[in-house]
Amino acid sequence: MNTEQQIDLTRIPEHIAVIMDGNGRWAKKQGQDRLFGHSFGVDAVRQTVNACQKLGVRYLTMYAFSTENWGRPKAEVDGLMELMVRTIVGEIPDLMKRKVRIHGIGDLEGLPEDCKAEMYNAIEVTKNNTGLHLILALNYSAKWEITKAVKKIAEKTKAGDLDPIAVNEELISANLSTAAFPDPELLIRTSGEMRLSNFLLWQCAYSEFYFTEVLWPDFNEEELYKAVIDFQFRERRFGKTSEQIINVE
Ligand code: FPP
């Protein structure tokens, strides 16, 4: 039985989130510059999208650029933005064929003009696609997103349009950039680092975390299947006891 065949297709996570990490280290190992690693990382994105489609995953969120990433050397930031534009433009025909719908979370307004324009274009042209929802986190940070939501709620309260009593978890979720998507059941991070790095802090409250030593450019369909198999062996208790979960089933 190959890895894909070991997956229980009746228990596929509806939403997988990915922190793509290790491009720089991968490039260094080959004696190349960091951008070389990022460009090979695009193929790993393709493979992850393919694998998710094969399994019937509905939502895939990928952390492509954090608000903290602006602090990297200018040449790397510029190169990453160019790569993003090239990838988005270049992949649209294939994404259309595969019925993938693109979404963007993060401060898209703060992106360079061409990147912003291509992102908005990709969101627009794929908006009627009914397949996988591919959510790109670009210029994203969870603390930025939560702060923005709190501000929106505070303004409504101040204007008298919202009673503070009505502020609950659902209302906060509804004011995040992920309001239209379910929370991820599975979060994958590559390269052996074990932290969230300001990614989906609210939404990952009950996600299963899967950490792998594999560097992002080496991540592929097989690695995604391994993560899903690992997920399927977890017992998701949501604060309850094992016995309660077994009795429900
Ligand atoms: C982290 O590796 C990777 C990034 C910050 C960039 C990821 C972006 C891509 C792979 C391009 C994808 C494009 C689209 C449109 C989805 P790192 O540079 O932090 O690696 P290191 O920790 O080894 O230095």
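Attention in this report is confined to the structure presented alongside it. (Residues numbered from 1 in each chain as written. Predicted model: local features only at pLDDT ≥ 70, side-chain atom pairs only at ≥ 80, totals over all residues. Heavy atoms only, no water.)

### Comments concerning the overall build of the protein chain
When helices and strands are tallied, the protein chain shows eight helices and six strands. What you see for the protein chain is a C-alpha radius of gyration of 19 Å, in line with the 18 Å of a compact globule of 249 residues. Overall size of the protein chain, expressed as C-alpha extent along the three principal axes, is 55 × 50 × 35 Å. Within the protein chain, the fraction of its 249 residues that count as buried is 45%. Carbon and sulfur atoms make up 53% of the accessible area of the protein chain, which totals about 13000 Å². Taken as two groups, the 30 positive and 37 negative side-chain charges of the protein chain have centres that lie 2 Å from each other. (Helix = DSSP H or I, 4+ residues; strand = E, 2+ residues; numbered from the N terminus. Rg over C-alpha atoms; globule rule 2.2 N^0.38 Å. Buried < 20%, exposed > 50% of the residue type's maximum accessible area, 1.4 Å probe, protein only. Areas by Shrake-Rupley, 256 points an atom, 1.4 Å probe, with all protein chains shown as cover. Lys, Arg positive; Asp, Glu negative; His and termini not counted. Charge placed at Lys NZ, Arg CZ, Asp CG, Glu CD.)

### Quick notes on the pairing of strand E1 (residues 15–19)
Across the five residues that make up E1, a large majority, five, are buried. Taking every second residue as pointing to the same face, both faces of E1 are buried, with His15, Ala17 and Ile19 on one and Ile16 and Val18 on the other. Bridge count for E1 against strand E2 (residues 59–66) is five bridges, and the pairing is parallel. If you follow histidine 15 over to E2, its bridge partner there is tyrosine 59. By the bridge criterion, four bridges tie E1 to strand E5 (residues 186–189) in an arrangement that is parallel. Across the sheet, residue alanine 17 finds its bridge partner in E5, namely leucine 187. (Pairing = 2+ DSSP bridges.)

### Comments concerning the site of the ligand
Not every one of the 16 residues close to the ligand is listed here, only the nearest: Asp21, Gly24, Arg25, Arg34 and Arg72. Note that an oxygen atom of the ligand is positioned 2.8 Å from one of the side-chain N or O atoms of arginine 72. In the complex, the protein chains occlude 92% of the 640 Å² of accessible area that the ligand would expose alone. Looking at the shell around the ligand, the elements that each hand over two or more residues are helix H1 (23–29), helix H2 (34–55) and helix H3 (74–97). Looking at side-chain class alone, the shell around the ligand contains five nonpolar, seven polar and four charged residues. (Near = heavy atom within 4 Å. Polar contact = N/O pair within 3.5 Å; in protein donor to acceptor, adjacent residues only side chain to side chain. Nonpolar A, V, L, I, M, F, W, Y, C, P; charged D, E, K, R; others polar.)

### Some points on the packing of aromatic side chains
Counted by the stated rule, this structure contains ten aromatic pairs. With a centroid separation of 6.0 Å and an interplanar angle of 80°, the aromatic rings of tyrosine 63 and tyrosine 140 are classed as edge-to-face. Residue tyrosine 63 is located in strand E2, and its partner tyrosine 140 is located in strand E4 (residues 133–140); the two are separated by 77 residues in the primary sequence. Its relative accessible area of 8% is what places tyrosine 63 among the buried residues. On the basis of relative accessibility, which here comes to 0%, the residue tyrosine 140 falls in the buried class. Considering the side-chain rings of tryptophan 216 and phenylalanine 219, the 5.0 Å spacing of their centres and the 15° angle between planes classify their relative orientation as stacked. The pair formed by tryptophan 216 and phenylalanine 219 is uniform in burial state, with each residue classed as buried. Members of the aromatic cluster, joined through ring pairs, are Trp26, Phe36 and Phe40. (Phe/Tyr/Trp six-rings, centres within 6.5 Å; stacked < 30°, edge-to-face > 60°.)

### Quick word on the pattern of salt bridges
Scanning the model with the defined rule gives 18 salt bridges in all. The salt bridge partner of glutamate 193 is arginine 25, with a shortest N-O separation of 3.4 Å. Linking glutamate 193 in the loop between E5 and strand E6 (208–211) with arginine 25 in helix H1, this pair joins segments that are 168 residues apart in sequence. Assessed through its relative accessible area of 22%, glutamate 193 is described here as partly exposed. For glutamate 76, the salt bridge goes to arginine 72, with nearest N and O atoms at 2.8 Å. Classification of glutamate 76 by relative accessible area gives buried; the value is 6%. The structure contains a network of salt bridges with shared partners spanning Asp21, Arg25, Arg189, Glu193 and Arg195. (Salt bridge = Lys/Arg side-chain N within 4 Å of Asp/Glu carboxyl O.)

### Comments concerning the nonpolar core
Grouped together as the largest cluster of nonpolar side chains are 44 residues, with contacts concentrated most on Ile16, Leu60, Ile188 and Leu224. Of all the secondary-structure elements, those providing two or more residues to this core are E1, H2, E2, H3, helix H4 (113–125), E4, E5 and helix H7 (221–232). When residues no more than four places from it in sequence are discounted, the contact partners of leucine 60 are His15, Ile16, Val18, Thr48, Val49, Cys52, Leu132, His133, Leu134 and Ile135. (Core = buried A, V, L, I, M, F, W, Y, C linked by side-chain atoms within 4.5 Å. Contact = heavy atoms within 4.5 Å.)

### With respect to the sheet that holds E4
Strand order in the open sheet formed by six strands is E3-E4-E2-E1-E5-E6, with parallel pairing between adjacent strands. Unpaired on one side and paired on the other, strand E3 (101–105) and E6 mark the two borders of the sheet. The average angle at which neighbouring strand axes cross in this sheet is 20°, direction not considered. By the bridge criterion, four bridges tie E5 to E6 in an arrangement that is parallel. Looking at E6, one finds that isoleucine 188 is bridged to tyrosine 210. Most of the contacts of H4 go to E3, to which it runs at about 135°, and overall it touches E3 and E4. (Axes fitted to C-alpha atoms, helices over the stretch in contact; angles between N-to-C directions.)

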